Amino acid sequence: MRFYYISFFSLMLLGVIYAVGTGLLVWFGSWLRKRWKRAWIAMVPLFLLLYAAPVAEEFWIAWNFGQLCRKDAGIFITKTVEVEGFYDATRPTHAESRSKQAADDLDKGGYHFYEMVYPNYKGGPNQVVHLEKVHGEWTATVLDHPTARYHYRWPNSHTPVAHKIVKHSQSVVDTEAGEELGKEVSYGRDAPWFFIGLDRPVMLCPTATEAPLMKYGAIYRLTLKPESQTN
């Protein structure tokens, strides 16, 4: 199980619920015992319900979250290939000229070409921007469809998979062979109903200690090696 962060205010709220609930049940049990000698035996399920009900949701979320994190979360690489470039379905761009910073970022990547999503904000189908260096400058060409063989995708983003649990995943696919070269799967869980705090951060797995942060958001770098880095 993976329980949510402890909050002092949450513990206070639970304390009040338990104190008030216990007081009411004791009063009711005392009143009932005057009319029925076995009243306290009948009261046991009510006490169990009082103590279990407020935290039942947290135990349910924590159990499901722990199971998913243990069985499915992590970074999985099945194959590494050398490529000239790839299609990044997660990164929208435009067809105008590159700024110096944008061009430097492309150069640092080490690939010969990039293809990215060209969003159509008017409601039509999205297009693709093919970026390739021509005479020392990154030149953009607008295409209707990606031409790159390898695609970097986000199959899941905040996809609900259980009560207050969402799934995130990234993958690199060889569209020609129909093969997944690598994927990164993570899960996030929300706070239980009784959580009170200045913030309600989402708890994620894997954590930074379980998988180096340098790998997050860059699964394609673990599977798609630029040819310039291997020559």
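Residues numbered from 1 in each chain as written. Predicted model: local features only at pLDDT ≥ 70, side-chain atom pairs only at ≥ 80, totals over all residues. Heavy atoms only, no water.

Q: When you look at the state of the cysteines in this model, what are you seeing that I'm missing?
A: In a disulfide, the sulfur atoms of two cysteines are covalently bonded to one another. All told, the structure shown has one disulfide when counted by the stated rule. The disulfide that involves C69 links it to C205, with 1.9 Å between the sulfurs. Disulfide C69-C205: torsion about the S-S bond near -90 degrees, hence left-handed. Residue C69 is located in helix α2 (residues 39-71), and its partner C205 is located in strand β10 (residues 203-205); the two are separated by 136 residues in the primary sequence. Here C69 and C205 have matching classes, each one buried. (Disulfide = S-S within 2.5 Å. Helix = DSSP H or I, 4+ residues; strand = E, 2+ residues; numbered from the N terminus. Buried < 20%, exposed > 50% of the residue type's maximum accessible area, 1.4 Å probe, protein only.)

Q: Whenever I open this one, unusual backbone geometry confuses me. Can you help?
A: Excluding glycine, residues mostly carry a negative phi; peptide bonds, for their part, are mostly trans. The peptide bond linking C205 to P206 adopts the cis configuration, its omega dihedral lying at 0 degrees. Structurally, the position occupied by P206 is in the loop between β10 and α4 (219-223). Its identity as a non-glycine residue notwithstanding, H135 has a phi of 55 degrees, on the positive side. By the secondary structure assignment, H135 is in the loop between β5 (127-134) and β6 (137-143). A positive phi angle, close to 55 degrees, is found at H158, a residue other than glycine. If you trace the backbone, H158 turns up in strand β7 (residues 150-162).

Q: What is the right way to read the packing of helix α1 (residues 8-33) against α2 from this model?
A: A pair of packed helices is captured by two measures, namely the crossing angle of their axes and the spacing between those axes. Interaxial distance between α1 and α2 falls to 10 Å at its minimum, and their mutual angle equals 165 degrees. With respect to their mutual orientation, α1 and α2 come out roughly antiparallel. In terms of crossing hand, the pair formed by α1 and α2 is right-handed. Counting all contacts with α1, which are made through L14, I17, Y18, G21, T22, L25, V26, F28, G29, S30, L32 and R33, the residues of α2 involved are A39, W40, M43, L46, F47, L50, Y51, P54 and V55. Residues belonging to the contact of α1 with α2 are distributed by class as follows: 16 nonpolar, four polar and one charged. (Axes fitted to C-alpha atoms, helices over the stretch in contact; angles between N-to-C directions. Parallel < 35°, antiparallel > 145°, perpendicular 65-115°, else oblique. Left-handed = near helix turned anticlockwise from the far one by under 90°. Contact = heavy atoms within 4.5 Å. Nonpolar A, V, L, I, M, F, W, Y, C, P; charged D, E, K, R; others polar.)

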